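# What the coordinates show
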Amino acid sequence: MGDHLQLVLPEPIVPVQSLSDSGRLSHIPERYIIHPSDRPSDIPHIATFSDDAGTANIPVIDLEGLRSGDARERTEILERVAAACRDWGFFQVVNHGVSLELMDAAREVCRLGIEKDAVLNWSDYYFLHYLPPSLKDYQKWPALPTSCREEIDEYGKQVVALAGRIMRIMSTNLGLNEDSLQDAFRGDDIGACLRVNFYPKCPQPDLTLGLSSHSDPGGITLLLPNSNVAGLQVRRGHDWITIMPATHAFIVSMGDQIQILSNGIYKSVEHRVIVNSSDERISLAFFYNMRANIPIGSVKELVTYERPALYDRMTFDEYRKWIRLRGPKIPS
Ligand SMILES: O=C(O)CCC(=O)C(=O)O
């Protein structure tokens, strides 16, 4: 995942945060200026907006009804998720079962974990690995504030549980056994990591991007953004839709491996991040991926005479190497 993103990003020598914090920057350095055809033409004039789920452009789906045991309500929710997976490749979930306090705390401690002189990157970021356990190394997690490791650990556990629930919903919606997708990921052997992104204020947001257009190569992503600063844009045909995050919602998106497993029924959609001059932004992108070394192809029930297999089987590791050569977007 990191390799993939590094491919499409220039590697900064100075953390963007320190450039922005100098307070003297009126123009962004040359190396951050992107080609005119890639520039965001429609930076929202006011980046900060009120939390109003009604203004969101991707579906906001309330999962509360899944707990009630009411069959009709459950069917309606599943249908909404199915439509969002098919039509958007993106949706937001609220009442998802992850502790709201923990969401706020995770955002705050991860933010504080971005040290001034830490890992250098464009729109500074760092990775924390949760799964497989062999990759989890607390020594590489921020030590301060002292609650950081414990809270991020608990956050990871709850988000992994939510991701599992969403995978089961998607599996059922595809007409499969509810564990089929999870089994294809190799169940307990999945990969999970958190990418903490920090986008400082930018004096010339129209000339650059916080994160270049890409699709996520893995399974599903659960994104926790600032609830009041716009930044994420999702490709919709020729347009870029600026997502308005609903309060305490996760933005869920399909990765390339879901497109492959579903034989193209669900789409992994390109997205990018714009920055702005008045507000900084932080986002926690939680990637829920399959085991890296098992061949993945479309689930056999979804390959038919009318809909032959669209993709070659390959392992997630091979796929990452493949996109490194081919560029960051799976053909739809
Ligand atoms: O910051 C965001 O809203 C999106 C982050 C993202 O796409 C990523 O980390 O891959």
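Residues numbered from 1 in each chain as written. Predicted model: local features only at pLDDT ≥ 70, side-chain atom pairs only at ≥ 80, totals over all residues.

Within the secondary structure, Arg236 is located in strand E7 (residues 232-236). In this structure the C-alpha to C-alpha distance between Arg236 and Val269, which are 33 residues apart in sequence, comes to 8.3 Å. (Helix = DSSP H or I, 4+ residues; strand = E, 2+ residues; numbered from the N terminus.)

Here we come to the sheet that holds strand E6 (residues 220-225). Sheet architecture is open: seven strands sit in the order E1-E2-E9-E6-E11-E4-E3, paired in mixed fashion. Looking along the sheet, the strands with just one partner apiece sit at the ends: strand E1 (60-62) and strand E3 (125-131). Within this sheet the neighbouring strands show an average axis-to-axis angle of 25°, counted without direction. Of the strand pairs in this sheet, E6 and strand E9 (residues 250-254) are connected by four bridges, and their pairing is antiparallel. In the sheet register, Thr221 faces E9, and the bridge partner there is Ser253. Its contacts with the sheet place helix H4 (residues 71-87) against E1, strand E2 (90-94) and E9, and it is angled at close to 155° to E1. (Pairing = 2+ DSSP bridges. Axes fitted to C-alpha atoms, helices over the stretch in contact; angles between N-to-C directions. Contact = placed C-beta atoms within 7 Å.)

When the pLDDT values of the protein chain are averaged, the result is 83; 83% of them are 70 or greater. Put simply, helix H1 (residues 2-8) is where the protein chain has its lowest mean pLDDT, 32, and E9 is where it has its highest, 97. Below pLDDT 50 for its whole length, residues 45-56 participates in 22 contacts with residues either more than four positions away or in separate chains. Scored below 50 in pLDDT, residues 117-121 makes six contacts in the model with residues more than four places away or belonging to other chains. (pLDDT = per-residue confidence, 0-100.)

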